[in-house]
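Tertiary structure, described
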Amino acid sequence: MLGIKRLGLLAAMVVVGVAPAAAAAQAAAQPSTQDTQYLQAMHQVNLAEITMGNLAQQKGQNAQVKDLGKQFVTDFTQLDDAVKSTAQQLNVQLPNNPTTDQQNVINQLNGLSGADFDKAWVTAELNSHVQAIQATQTEISQGSEQSVITLAQDALPVLQAHLDALTSLAETLGVPVPQASASGSPSPGGTSTPAPGGTESPTPGGTESPTPGTTETPAPGTTEETPAPSQS
């Protein structure tokens, strides 16, 4: 009888010991606000990109637009699988739809066709990728949950490869390419189509990005650095 009682007491001690450990592990798994917002934002980017990729295949006139659209559907579906898996492990609730800005861009693209669609699609994709890269770089440098940081590190080369392909295609189609500043944010005046990145990203013309005509390249017609010829 004593042996049975001792076994029961030992079992109770094990259960009591496991409960705080499980609670501590669950508490330790809680992601930071940065990690949570990145997962949510990237999920919305993925949803928008998959939709726009399908639109490119359906409505695109340029063969490269169609090809990139197909590639984006594949790549962003894979990225979103990783986002959803990581979010589930960390108990992060993901949005069900793209942001309002992203949906507005999708609606605009739906109303276009031919060459107009191609140019608008490339413009929207450039903006989306620049902002997604910025958000991903921020997560890598400021995130605290390693699983989310690793996800961002895996996503970054995919996003950069997409941006490189889009930049080349934009030059072919005569579409302006938004330049990224040192902080990774788009330079003002890059495009006229709202960026699919949503309102969380800095708006064009914000203080984080350099204004057009920075000192890196002298503005046309300036006279501050070169004396006027009449002075001779």
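How each quantity is defined
Residues numbered from 1 in each chain as written. Predicted model: local features only at pLDDT ≥ 70, side-chain atom pairs only at ≥ 80, totals over all residues. Heavy atoms only, no water. Helix = DSSP H or I, 4+ residues; strand = E, 2+ residues; numbered from the N terminus. Buried < 20%, exposed > 50% of the residue type's maximum accessible area, 1.4 Å probe, protein only. Contact = heavy atoms within 4.5 Å. Axes fitted to C-alpha atoms, helices over the stretch in contact; angles between N-to-C directions. Parallel < 35°, antiparallel > 145°, perpendicular 65-115°, else oblique. pLDDT = per-residue confidence, 0-100. Core = buried A, V, L, I, M, F, W, Y, C linked by side-chain atoms within 4.5 Å.

**Digging into the overall build of the protein**
Within the protein, the secondary structure is distributed over six helices and zero strands. Reading the secondary structure of the protein in the N-to-C direction produces α-α-α-α-α-α. Taking all 232 residues of the protein together, 39% fall into the buried category. Within the protein, residue pairs in contact and separated by at least 24 positions form 78% of the contacts whose partners lie at least 6 positions apart.

**Some words on the packing of helix H3 (residues 63-89) against helix H6 (residues 146-173)**
Following both chains from N to C, one finds H3 and H6 inclined at 170°, their axes separated by 11 Å at the closest point. Considered as vectors, H3 and H6 are oriented roughly antiparallel to each other. Contact residues: H3 offers Gln64, Val65, Leu68, Gln71, Phe72, Asp75, Phe76, Leu79, Ala82, Val83 and Thr86, while H6 offers Ser147, Val148, Leu151, Ala155, Val158, Leu159, His162, Ala165, Leu166, Leu169 and Leu173.

**Thoughts on the confidence of the model for the protein**
Residue-level pLDDT values for the protein average 78, and 65% of them are 70 or greater. Note on residues 7-27: pLDDT under 50 across the span, and zero contacts to partners over four residues away in sequence or across chains. Overall, residues 181-232 carries pLDDT values under 50, and its contacts beyond four positions in sequence, including any with other chains, amount to 61 contacts.

**Thoughts on the nonpolar core**
Within the largest apolar cluster, 43 residues are counted, with the highest numbers of intra-cluster contacts made by Leu39, Val65, Leu109, Trp121 and Val122. Among the secondary structure elements, those contributing two or more residues to this core are helix H2 (33-59), H3, helix H4 (100-110), helix H5 (114-142) and H6. For this core, the element with the highest residue contribution is H6, accounting for 10 residues. Not counting residues within four places of it along the chain, the set of residues in contact with Val65 comprises Ala56, Gly60, Phe117, Asp118, Trp121, Val122, Leu169 and Leu173.

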